[in-house]
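An overview of the molecular structure
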Amino acid sequence: MPLQNRVTPTGDIIATPHRGLFTGNRGIIHDPATKTLTRRWASAAWLTCVCEFRGRRREVMGGRSWTELFFLDEATALAAGHRPCFYCRRDDANRFRAAWEEGNGVSDVLAREMDAVLHRERLDGGKKRLHELPMAPKELPDGAMLQQGNESYLIARGRALQWSAAGYRKPESAIENAMLLTPPSTLRALNAGYQPVLHPSAR
């Protein structure tokens, strides 16, 4: 049975055999004895990490260290409210911070300051916070994600693609009353030029 460690664009953590392109964490949120989740987050720093780093190997949920979560791609992680890790993805994290500063009209922002903004934007109590669209879906930058009903959608080259744990596909219905999943501050970073890594099925 697959572990419950795959993150959806809404930030939920599900069990699926599809691993995805990135790992990441929200602190220690599992019981290593049973490898089951005990909470949804333990830290305001929700990170997106590379799956391979300097040849290191970890047993997933094997100890009292951070809980390994997995994402289809970086757009999924950003929509859920994560950001690039400054340890294993330093170049990407610095590019994200520069775009986040430009898009949000700030300078010399610290990681913990971004985390505080993202934590407010990604959560509504214990649920995912949805936001009003600031523009038409086709005008959104690549990597932005929307929610309509129970389905999540990626914007890529002005078109909407329906998310699944296995990849993206053409939507089954028109996108008419969608809400923004990607935190607004992250959306402004995308508008300022940050380019997230997308799953090959988005092509």
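Just above, that's the structure.
In short, a report on the structure. Values in this document were obtained by computation on a predicted structure and should not be read as measured data. (Residues numbered from 1 in each chain as written. Predicted model: local features only at pLDDT ≥ 70, side-chain atom pairs only at ≥ 80, totals over all residues. Heavy atoms only, no water.)

Now for the pattern of salt bridges. Using the criterion set out here, one finds eight salt bridges in the structure. If you follow the salt bridges from partner to partner, you end up with Glu74, Arg89, Asp92 and Arg95 in one network. (Salt bridge = Lys/Arg side-chain N within 4 Å of Asp/Glu carboxyl O.)

Side chains on a regular strand alternate between the two faces of the sheet. Alternating residues of strand S11 (residues 145-148) divide into Met145 and Gln147 and Leu146 and Gln148, and every residue in both groups is buried. Note: S11 against strand S12 (residues 151-156), four bridges, orientation antiparallel. In the sheet register, Met145 faces S12, and the bridge partner there is Leu154. A loop of two residues connects S11 with S12, the two strands running antiparallel in sequence, and Gly149 in this loop sits at a positive phi of about 65°. With two bridges joining them, S11 and strand S15 (residues 179-180) adopt antiparallel strand pairing. Looking across to S15, one finds that Gln147 is bridged to Met179. (Buried < 20%, exposed > 50% of the residue type's maximum accessible area, 1.4 Å probe, protein only. Helix = DSSP H or I, 4+ residues; strand = E, 2+ residues; numbered from the N terminus. Pairing = 2+ DSSP bridges.)

Let us look at the sheet that holds strand S13 (residues 159-164). Across the sheet, which stays open at both edges, the five strands sit in the order S14-S13-S12-S11-S15 with antiparallel pairing between neighbours. On the outer flanks of this sheet lie strand S14 (167-169) and S15, each paired with one strand and no other.

Our focus in this paragraph is the packing of aromatic side chains. Enumeration according to the criterion identifies three aromatic pairs in this entry. Judged by centre distance (5.9 Å) and plane angle (45°), the ring pair of Trp41 and Trp46 falls under tilted. Lying across the ring of Trp66, Arg58 places its NZ or CZ 4.0 Å from the centre. One Lys or Arg, Arg122, reaches over the ring of Trp46 and ends 3.9 Å from the middle of that ring. (Phe/Tyr/Trp six-rings, centres within 6.5 Å; stacked < 30°, edge-to-face > 60°. Lys NZ or Arg CZ within 6 Å of the ring centre and 35° of its normal.)

The next subject is the sheet that holds strand S1 (residues 4-7). The strand order S2-S1-S7-S3-S6-S8 describes an open sheet built from six strands, whose pairing is mixed. Looking along the sheet, the strands with just one partner apiece sit at the ends: strand S2 (13-15) and strand S8 (83-84). Bridge count for strand S3 (residues 22-25) against strand S6 (residues 47-50) is four bridges, and the pairing is antiparallel. Residue pairing in the sheet places Gly24 in a bridge with Thr48 of S6.

On the secondary structure map, His199 appears in the segment after helix H4 (184-191). Judged by its relative accessible area of 16%, His199 is buried. The spacing of His199 and Tyr168 is 31 residues in sequence and 7.8 Å in space, taken between C-alpha atoms. In contact with His199, not counting residues within four places along its chain, are Leu21, Leu72, Asp73, Ala166, Gly167 and Tyr168. A distance of 2.7 Å separates polar atoms of two side chains, one belonging to His199 and the other to Ser201. (Contact = heavy atoms within 4.5 Å. Polar contact = N/O pair within 3.5 Å; in protein donor to acceptor, adjacent residues only side chain to side chain.)

Turning next to the packing of helix H2 (residues 90-104) against H4. Between H2 and H4, whose axes approach to 7 Å, the crossing angle comes to 100°. As summarised for this structure, H2 and H4 are arranged roughly perpendicular, according to the angle between their axes. Of the residues in H4, those in contact with Phe96, Ala99, Trp100, Gly103 and Asn104 of H2 are Ser185, Thr186, Arg188 and Ala189. Class assignment for the residues of the contact of H2 with H4 results in four nonpolar, four polar and one charged. (Axes fitted to C-alpha atoms, helices over the stretch in contact; angles between N-to-C directions. Parallel < 35°, antiparallel > 145°, perpendicular 65-115°, else oblique. Nonpolar A, V, L, I, M, F, W, Y, C, P; charged D, E, K, R; others polar.)

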